[in-house]
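Topology and contacts: notes
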Amino acid sequence: MKYEAALFDLDGTLVDSVYDLYIAMNLTLSDLAFPIVSQGLVQSWVGNGIEMLVKRGLSGDMKVSEHLDPALADKAIALFYGHYEQQVGEYSVLYQHVETGLAALRGIPKALITNKARCFTEKLLDKLALRSHFEVIVCGDDMAKKPSPEPLLFACQQLNVPVSQAIMIGDSKSDILAAQAAHIDVLAVNYGYNQGENLADLNPQYLCENFLDIIPVLTQR
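Okay, so let's go over this structure. (Residues numbered from 1 in each chain as written. Predicted model: local features only at pLDDT ≥ 70, side-chain atom pairs only at ≥ 80, totals over all residues. Heavy atoms only, no water.)

With that settled, consider the overall build of the chain. In terms of regular secondary structure, the chain is built from nine helices and eight strands. For 221 residues, the compact-globule formula gives about 17 Å, and the C-alpha radius of gyration of the chain, at 17 Å, lands near that figure. When its C-alpha atoms are laid out on the principal axes, the chain stretches across 55 × 30 × 30 Å. The proportion of buried residues among the 221 residues of the chain is 50%. Sequence separation of 24 or more characterises 67% of the internal contacts of the chain that already satisfy a separation of 6 or more. Of the accessible surface of the chain, which amounts to about 9,600 Å², a share of 50% is contributed by carbon and sulfur atoms. Charge separation in the chain, taken as the distance between the mean sites of 16 positive and 27 negative side-chain charges, equals 3 Å. (Helix = DSSP H or I, 4+ residues; strand = E, 2+ residues; numbered from the N terminus. Rg over C-alpha atoms; globule rule 2.2 N^0.38 Å. Buried < 20%, exposed > 50% of the residue type's maximum accessible area, 1.4 Å probe, protein only. Contact = heavy atoms within 4.5 Å. Areas by Shrake-Rupley, 256 points an atom, 1.4 Å probe, with all protein chains shown as cover. Lys, Arg positive; Asp, Glu negative; His and termini not counted. Charge placed at Lys NZ, Arg CZ, Asp CG, Glu CD.)

In structure tokens, the structure reads:
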């Protein structure tokens, strides 16, 4: 096969988890007497880790306010962690065909690379029975987050696969930039959390509308 390993993003690629994040965000903002925000806004802010998500919530915008008090941000992040601990996985669901697709790809070594903290990642994977599909799991608090290439390179090393024989599957600019920096081919899915970006403009090797569309890409010879 052309690809000997597949590296998967989690939120927005395998799992629609935005409702859990939306609830935790608004509980946090309410604790601090800040205006609550819409689910659509929260979805547009997902992709760069919880710390950045919370700072965007406090700012009410994708661009974090330059006037944001660091102490307030730290307090909000701690509050969010507490709320999300209670919410993670409660309303999250697999995207259509993910279970079927992963089963069809069982012969290909797989790594999960997420900017989500390990404590939340493992809880979510267990709730959705996903953990057994991955030989390697790299989380946002293990090392540099995407768009850094570091977690992708680490995953390839752990899988003992050259970067030229790996492919990254993700839904966001961070996934694409991380793959490009690591010199790894990337397949972008159009249904996830793309932060308003037209992913085609970022020149991924493949762009798919449906999870099942990745199977012929990964199994080509």
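If you look at the biggest cluster of nonpolar residues, it comprises 53 residues, and the most contacted ones within it are F8, L14, F80 and L218. Of all hydrophobic cores here, the second largest spans 23 residues; its members include A155, C156, L159 and A182. (Core = buried A, V, L, I, M, F, W, Y, C linked by side-chain atoms within 4.5 Å.)

Attention now moves to the pattern of salt bridges. Where charged atoms from two side chains of opposite charge come close, those side chains can pair. Scanning the entire structure with this criterion turns up 11 salt bridges. Here D142 makes a salt bridge to R118, at a shortest N to O gap of 2.7 Å. Note that D142 is positioned in the loop between β5 (136–138) and α7 (150–159) and R118 in helix α6 (residues 118–127), a separation of 24 residues in sequence. Overall, the relative accessible area of 35% leaves D142 in the partly exposed class. With a closest N to O distance of 4.0 Å, E122 and R131 form a salt bridge. Judged by relative accessible area, R131 falls into the partly exposed class, the value being 32%. Linked by salt bridges that have partners in common, R118, E122, D126, R131 and D142 make up one network. (Salt bridge = Lys/Arg side-chain N within 4 Å of Asp/Glu carboxyl O.)

This part covers the side chain of T13. By secondary structure assignment, the location of T13 is in the loop between β1 (5–8) and β2 (15–16). If we skip the residues at most four places from it in the chain, T13 touches Y95, V98, I169, G170, D171, V189, Y191 and F211.

Under the counting rule described, the total for this entry stands at nine aromatic pairs. Taking the centre distance of 5.1 Å and the plane angle of 50 degrees together, the rings of Y81 and F120 count as tilted. With Y81 in helix α4 (residues 70–87) and F120 in helix α6, this pair connects stretches of sequence that are 39 residues apart. Exposure remark for Y81: the relative accessible area of 25% places this residue in the partly exposed category. Clustering of aromatic rings is evident, with ring pairs tying together F80, Y81, Y84 and F120. (Phe/Tyr/Trp six-rings, centres within 6.5 Å; stacked < 30°, edge-to-face > 60°.)

This brings us to the sheet that holds strand β7 (residues 185–189). Strand order in the open sheet made by the six strands is β5-β4-β1-β6-β7-β8, with parallel pairing throughout. Only two strands of the sheet have a single partner each, and these edge strands are β5 and β8 (206–208). The mean angle between the axes of side-by-side strands here comes to 20 degrees, regardless of whether they run parallel or antiparallel. As paired elements, β1 and strand β6 (residues 166–170) share four bridges and run parallel to each other. Counted as the bridge partner of A6 is I167 from β6. Set on the sheet, helix α8 (residues 173–182) makes contact with β6 and β7; between it and β7 the angle comes to about 170 degrees. (Pairing = 2+ DSSP bridges. Axes fitted to C-alpha atoms, helices over the stretch in contact; angles between N-to-C directions.)

Moving on: the environment of L128. Note that L128 resides in the loop between α6 and β5. Its relative accessible area of 17% is what places L128 among the buried residues. The sequence separation of L128 and Q158 amounts to 30 residues, and the corresponding C-alpha distance is 24 Å. The residues contacting L128, other than those within four sequence positions of it, are V15, S92 and L94.

Taken together, the buried positions of α8 are occupied by S174, D175, I176, A178, A179 and A182. Contacts from the buried residues of α8 go to α7, β6 and β7.

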